[in-house]
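Chain by chain, the residues:
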Amino acid sequence: SGLDKFLMGNAAALLPADVLVFAGVATAILLCVTAFYKELVVFSFDETYAASVGMNVRGVSLLLMTLIVIAVVSGIQAVGVVMMAALLITPAATARYWTDSLRVMIAVGCLASSLAATGGVLLSALLPSVPAGAAIVLCGAVVFFLSMLVAPNRGVLARLMRNRRYARNMLDDNILKAMYQLRETEQPELLLVNTAADILAKRSVAHAGFIRGMKRLERERYVLRHRSGWSMTPEGVRRGARITRLHRLWEVYLSEHLNIAPDHVHDDAESVEHIITPDIEQRLQEFLDYPKRDPHQKHIPY
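1. Concerning the sheet that holds strand β1 (residues 193–194)
- Read across the sheet, three strands follow the order β1-β3-β2 without closing on themselves; strand pairing throughout is antiparallel. Both outer strands of the open sheet, β1 and β2 (223–225), are each paired with one neighbouring strand and no more.
- Packed on one face of the sheet, helix α8 (residues 156–184) meets β1, β2 and β3 (230–232) and runs near 85° to β3.

What follows is the structure, encoded as structure tokens:
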């Protein structure tokens, strides 16, 4: 029927008998996947482990390749060989953005394929000059890009929001740590008022970001605004003490257990202090036996 039909498919020429053949092939493939699901999963993720537990790796590999070949050959008439390759990859890549569970991923991949097929057929019907195979793959690509943007965990927007939230938290931690360290040099029982110049001298921050951070800390009741500057609330003191503690504990760990010189541990501690969870913090304190001072002989607050 011509090379273009082989490459792009010719869904308009399908007969009811062809649909029955597709349904039979799809049913057979689904039954095989269901029957050998465990073996296919183990083989796909870790072929060496599959062989070590006595699984017939060569047989499972042959089964998987056979199922793929059957799916591709049966779909060539509808969407063409080039588009069939895209349909093998795009739905799985789409589903991966939404879940970590393989079972859920299979279901989401099937849903994405169904949406792409339905949308592509409708688009091809509305635009007769557009081949159905190309339209299906185009719709599949649209579903993929939408998933890439809006998926809750791996989507681009979700990652941007997480990065922005992390940057805000890191800025807030750094400001409170600077205020706490300024407070350490005076009378600890007083909630001292620090000017912007005092804090910025202790922690180099862009002025616009500093102002936004102070407003956010004020809204969250970590600091109080005064005529001449800011003071820490009791909650702000606790948060500033915690981030200072994490910083100095990590310096102790790097210095005593990784044999890093004390004058080289500050930058590493700066990057780690913001991601230490309470559980890791507790284990770190117990492992170090609650040290009193860091490598620079500064007091570690508990």
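2. Regarding the packing of α8 against helix α11 (residues 234–257)
- Where α8 meets α11, the closest approach of the two axes is 8 Å, and the angle between their N-to-C directions is 95°. Considering the angle they form, α8 stands roughly perpendicular to α11. Of α11, the residues touching α8 (which contributes Asn169, Asp172, Asp173, Leu176, Lys177, Tyr180, Gln181, Arg183 and Glu184) are Gly236, Val237, Arg239, Gly240, Ala241, Ile243, Thr244, His247 and Arg248.
- The residue makeup of the contact of α8 with α11, split by class, is five nonpolar, six polar and seven charged.

3. Examining the packing of aromatic side chains
- Here the structure, examined in full by the defined rule, presents six aromatic pairs.
- Taking the centre distance of 5.7 Å and the plane angle of 90° together, the rings of Phe210 and Trp230 count as edge-to-face. Residue Phe210 is found in helix α10 (residues 207–219), and its partner Trp230 is found in strand β3; the two are separated by 20 residues along the sequence. Here Phe210 matches Trp230 in class, with each residue buried.
- Clustering of aromatic rings is evident, with ring pairs tying together Tyr97, Phe144 and Phe145.
- A cation over a ring is seen here: Arg239 above Tyr222, with NZ or CZ 4.9 Å from the ring centre.

4. Remarks on the pattern of salt bridges
- The final tally for this structure, using the stated rule, is 13 salt bridges.
- One salt bridge in this structure joins Arg239 and Asp173, with 2.9 Å as the shortest N-O distance. You can see Arg239 sitting in helix α11 and its partner Asp173 sitting in helix α8, a full 66 residues away along the chain. There is no split in this pair, since Arg239 and Asp173 are both buried.
- Connected via shared salt-bridge partners are Lys177, Arg203, Glu270 and Glu273.

Each value, and the rule that gives it
- Residues numbered from 1 in each chain as written.
- Predicted model: local features only at pLDDT ≥ 70, side-chain atom pairs only at ≥ 80, totals over all residues.
- Heavy atoms only, no water.
- Pairing = 2+ DSSP bridges.
- Helix = DSSP H or I, 4+ residues; strand = E, 2+ residues; numbered from the N terminus.
- Contact = heavy atoms within 4.5 Å.
- Axes fitted to C-alpha atoms, helices over the stretch in contact; angles between N-to-C directions.
- Parallel < 35°, antiparallel > 145°, perpendicular 65-115°, else oblique.
- Nonpolar A, V, L, I, M, F, W, Y, C, P; charged D, E, K, R; others polar.
- Phe/Tyr/Trp six-rings, centres within 6.5 Å; stacked < 30°, edge-to-face > 60°.
- Buried < 20%, exposed > 50% of the residue type's maximum accessible area, 1.4 Å probe, protein only.
- Lys NZ or Arg CZ within 6 Å of the ring centre and 35° of its normal.
- Salt bridge = Lys/Arg side-chain N within 4 Å of Asp/Glu carboxyl O.

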